[in-house]
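Here are the chains, one letter per residue:
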Amino acid sequence: MEKNLFTDKIARELGLAAQGVDNTIALLDEGCTIPFISRYRKERTGNMDEVQIAHIAEMLAKLKELAKRKETILKSIDDQGKLTDELKKRIDATWESSELEDIYLPYKPKRRTRAQIARELGLEPLAMMIMLNQVRDVEGSAQRFVKGDVKSVDDAIKGAEDIIAEMVSEDERVRQNVRSVYRREATITSKVVAKMKDDEKAQKYSDYFDWSEPLKRCTSHRLLAMRRGENEGILRVTIAADDEECTNRIKRNYQYNKYINEAIDDAFKRLIKPSMETEFAGLSKEKADEEAIHVFTENLRQLLLAAPLGQKRVLGVDPGIRTGCKIVCIDAQGNLLHHEVAHIANQRDTAERQLVKLVNDYKLEAIAIGNGTYSREASDFIHGLHFDHEVQIFVVSEDGASVYSASETAREEFPDQDVTVRGAVSIARRLMDPLAELVKIDPKSIGVGQYQHDVDQSALKKSLDTTVELCVNSVGVNLNTASKHLLTYVSGLGPALAQNIVNYRKENGAFTSRAQLKKVPRLGPSAYEQCAGFLRIPEAKNPLDNSAVHPESYKVVEQMAKDCGCKVIDLMKNADLRKKIDIRRYVTDSVGMPTLQDIMKELEKPGLDPRDKIEVFEFDKNVHTPEDLIPGMELPGIVTNITNFGAFVDVGVHQDGLVHISQLADKYISDPAEVVKLHQHVRVKVLEVDLRRHRISLTMKGL
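For the protein, an unreviewed UniProt entry supplies the name RNA-binding transcriptional accessory protein and the organism Segatella bryantii.

Structure (structure tokens):
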């Protein structure tokens, strides 16, 4: 098979084996998903993981986009009758976007420029004479061009300089020279707009009222903060390099004369400098977006893979003061059993009787309290109650619950309930299975990002969708209980097939085998191949249907069982039987050692959930508001958000504190994720409390 056009470039860039990259590209082009390729095509990829495959897919998409751009450029130049063999060869060989655009710039259709007007006035010959230093008496030569709309020698020379300026600005060497100066030395500067300096809403940007630093050292969060301030009309942000060095570098490319120098100065100031500022503003924003999106996707991954309580009966509490706390009782399958309101703030005795009765009557095993307004007070109150059996109490993030409660999804699930009931149900279900509940909410509403509304929204959505898909498929999905929203993210399905599966389940009852999926309308062989291994059926007749073993490998396992003189279920239950298996005997052209090793792991722990076990947490009983915090105080906390400049920690005072990256560990770290993860239970020490700016500074050093 002929190697893909992009294989070698991607392999070099990512440091991967060309054969594995080529096979991965082929699988992606066939429509295979990243989870399927990484889990079930290890022999072809050379055992690449989903991160490497995602990088290949991302780079492949960019190169394909660049290839389309090259086609457009070639056609445009060809239509002008200016496409030479040498020019085509250069364009074909170029895979750098900036270099490609530099080559195209002289041929790019433009609006009517000053140079174009000068050319129409017949001044190009004069411009070329000046450029090539062919005349000593420029003014005398210019006299010949004074006619028609060219009224004077000065007009002729000015028009010629306009043509030279455009030629200089479109010279590839010039642009590369200036670009190298910007790459090395560009500075980003932020100044406050004078009339906004004392505005209250501008104060959060006070760090950037008079700020300047080398662009290459500007972190993503600082750049995005400055750009947000600029968009809000509070800051003016510029990117610039040393003008003199740039013009001197340009002048080295040309013979010296007064008129060329004047044209170069004009070219730089009017054409090149604005272009470079725009280019480097775009490049720096793109880089900052990539970093911010990486932080967001990693936080989202941790949130989706947070420890589940599992199938237990739960009391959900959405705390409130004026309207009371909305209370819901949920069964082990997540169905709503009962709801009412408890006024903990001002009817404590009544609320105590209500909650104790509900927990005892419905035999509830856990309580999930939303972490919004009045959460701490509700948690303290509930911790003081006495039930007739053991009940675990958890505080659950309610970010996005209000978005869910007003969504079409929530209306479909609970058409007869109001938004407050739906929100409380979401809080309870998040405790049971965060992944299954959070897939119903737009990830941007979950509150674990860094400037998520300022980054490229298309790139963000694509990255977040990929993250959700990888998380869902790494855990696996119960085919008989999964919602349409959860099924949507299963490899190879999507919204339409997910709905068809739910409809089939309603009409025909629970699935008893994976093979039944083939009866679902529009679920063809390709979709079945992609999805089957990620769907689980706990009560299936074939035990492999509740494992990550793909149906295409069932015959291998059945042969293993036959060779051991037992049934498949015996292999899964008996470690001694598994030890007798020499997997090398089962290697074929299509089944290699990676697949066989995965099969053995599944036989040992079929359908193993990779998520951690949930832990109970309690805040310090002596602090409830920021005013209670004293520098030096040590407190338990929960990590609520991670950025590339540190981690935010909830210590139970209705306002998260920041542990700056420099305060996260006793050693140097470059990434907060090296030390903390989302929802991790940590101990922190209070460094400073700024009540006016609503800032709490914390440290984890020495703890």
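**Q** How do you make sense of the sheet that holds strand β4 (residues 314-318) when you look at a structure like this?
**A** Whenever strands of a sheet pair, they do so through backbone hydrogen bonds, lying parallel or antiparallel. An order of β6-β5-β4-β7-β8 is seen for the five strands of this open sheet, with the pairing classed as mixed. If you trace the sheet from one side to the other, it starts and ends with β6 (336-342) and β8 (392-396), each paired once. Taken pair by pair, the neighbouring strands of this sheet meet at an average axis angle of 20°, ignoring direction. Both β4 and strand β5 (residues 325-330) contribute to a ladder of five bridges, which runs antiparallel. Bridge assignment links Leu 315 to a residue of β5, and that residue is Cys 329. Against the sheet, helix α17 (residues 375-383) engages β4, β7 (366-370) and β8, with an angle of about 160° to β7. Helix α20 (residues 419-432) contacts β4, β5, β6, β7 and β8 of the sheet and is inclined by roughly 55° relative to β5.

**Q** I would appreciate a short explanation of the UniProt feature "domain: S1 motif" (unreviewed entry) in the protein in the present structure.
**A** Feature annotation in UniProt assigns "domain: S1 motif" (unreviewed entry) to the following positions: residues 632-701. For residues 632-701, the end-to-end C-alpha separation is 12 Å, with 0% helix and 49% strand making up the annotated structure.

**Q** Help me understand the pattern of salt bridges, please; the structure alone is not making it clear to me.
**A** It is possible for side chains bearing opposite charge to pair when their charged atoms get close. Going through the model one piece at a time under the given rule, you end up with 51 salt bridges. For Arg 69, the salt bridge identified is with Glu 101, shortest N-O distance 2.9 Å. On the criterion of sequence distance, the pair formed by Arg 69 in helix α5 (residues 50-79) and Glu 101 in helix α7 (residues 97-104) is long-range, its members being 32 residues apart. Taking relative accessible area as the criterion, Arg 69 reaches 27% and is therefore assigned partly exposed. Across the pair Asp 465 and Lys 461 runs a salt bridge whose closest N-O atoms are separated by 2.7 Å. Placement of the pair is Asp 465 and Lys 461 together in helix α22 (residues 457-475), with a separation of four residues, close to one helical turn. Residue Lys 461 is classed as exposed on the basis of its relative accessible area, which comes to 53%. Three or more residues are tied together by salt bridges with common partners; here these are Arg 114, Lys 158, Asp 162, Asp 266 and Arg 270.

**Q** Please explain the state of the cysteines as it appears in this structure.
**A** Each disulfide is one covalent bond, formed between the sulfur atoms of two cysteines. This structure, assessed with the given rule, holds zero disulfides. Free of any disulfide, Cys 246 has its nearest cysteine sulfur in Cys 218, 19 Å distant.

**Q** What is the right way to read helix α16 (residues 348-361) from this model?
**A** Given 3.6 residues per helical turn, the α-helix brings residues three or four places apart onto the same face. In a regular helix each residue adds 1.5 Å, so 14 residues correspond to 20 Å; α16 covers 20 Å between its end C-alpha atoms and thus fits that length. Those residues of α16 hidden inside the fold are in contact with β4, β5, β6, β7 and α17. Two residues or fewer after α16 comes Lys 363, characterised by a positive phi angle close to 50°.

**Q** Can you help me understand the packing of helix α2 (residues 18-29) against α5 in this one?
**A** The description of two packed helices rests on the angle between their axes and on the distance between the axes. Close contact between α2 and α5 brings their axes to 10 Å; oriented N to C, the two are set at 75°. The angle between α2 and α5 falls in the class roughly perpendicular. For the pair formed by α2 and α5, the contact residues are Val 21, Thr 24, Ile 25, Leu 28 and Asp 29 on the first element and Ile 53, Ile 56, Ala 57, Leu 60 and Lys 64 on the second. Its residues placed into classes, the contact of α2 with α5 shows seven nonpolar, one polar and two charged.

**Q** What is the right way to look at unusual backbone geometry in this model?
**A** Leaving glycine aside, a negative phi is the common case for residues, and trans is the common case for peptide bonds. Phi angles above zero are rare outside glycine, and Asn 133 is one such case at about 55°. Considering the arrangement of structural elements, one finds Asn 133 in the loop between α9 (124-131) and α10 (138-143). Classification of Asn 133 as partly exposed rests on a relative accessible area of 32%. The phi dihedral of Tyr 374 is positive, around 70°, even though this residue is not glycine. The topology assignment puts Tyr 374 in the loop between β7 and α17. Exposure remark for Tyr 374: the relative accessible area of 9% places this residue in the buried category.

Cut-offs and rules
- Residues numbered from 1 in each chain as written.
- Predicted model: local features only at pLDDT ≥ 70, side-chain atom pairs only at ≥ 80, totals over all residues.
- Heavy atoms only, no water.
- Pairing = 2+ DSSP bridges.
- Helix = DSSP H or I, 4+ residues; strand = E, 2+ residues; numbered from the N terminus.
- Axes fitted to C-alpha atoms, helices over the stretch in contact; angles between N-to-C directions.
- Contact = heavy atoms within 4.5 Å.
- UniProt positions renumbered as here; feature names shortened; annotations may be inferred.
- Salt bridge = Lys/Arg side-chain N within 4 Å of Asp/Glu carboxyl O.
- Buried < 20%, exposed > 50% of the residue type's maximum accessible area, 1.4 Å probe, protein only.
- Disulfide = S-S within 2.5 Å.
- Expected span 1.5 Å × (residues − 1).
- Parallel < 35°, antiparallel > 145°, perpendicular 65-115°, else oblique.
- Nonpolar A, V, L, I, M, F, W, Y, C, P; charged D, E, K, R; others polar.

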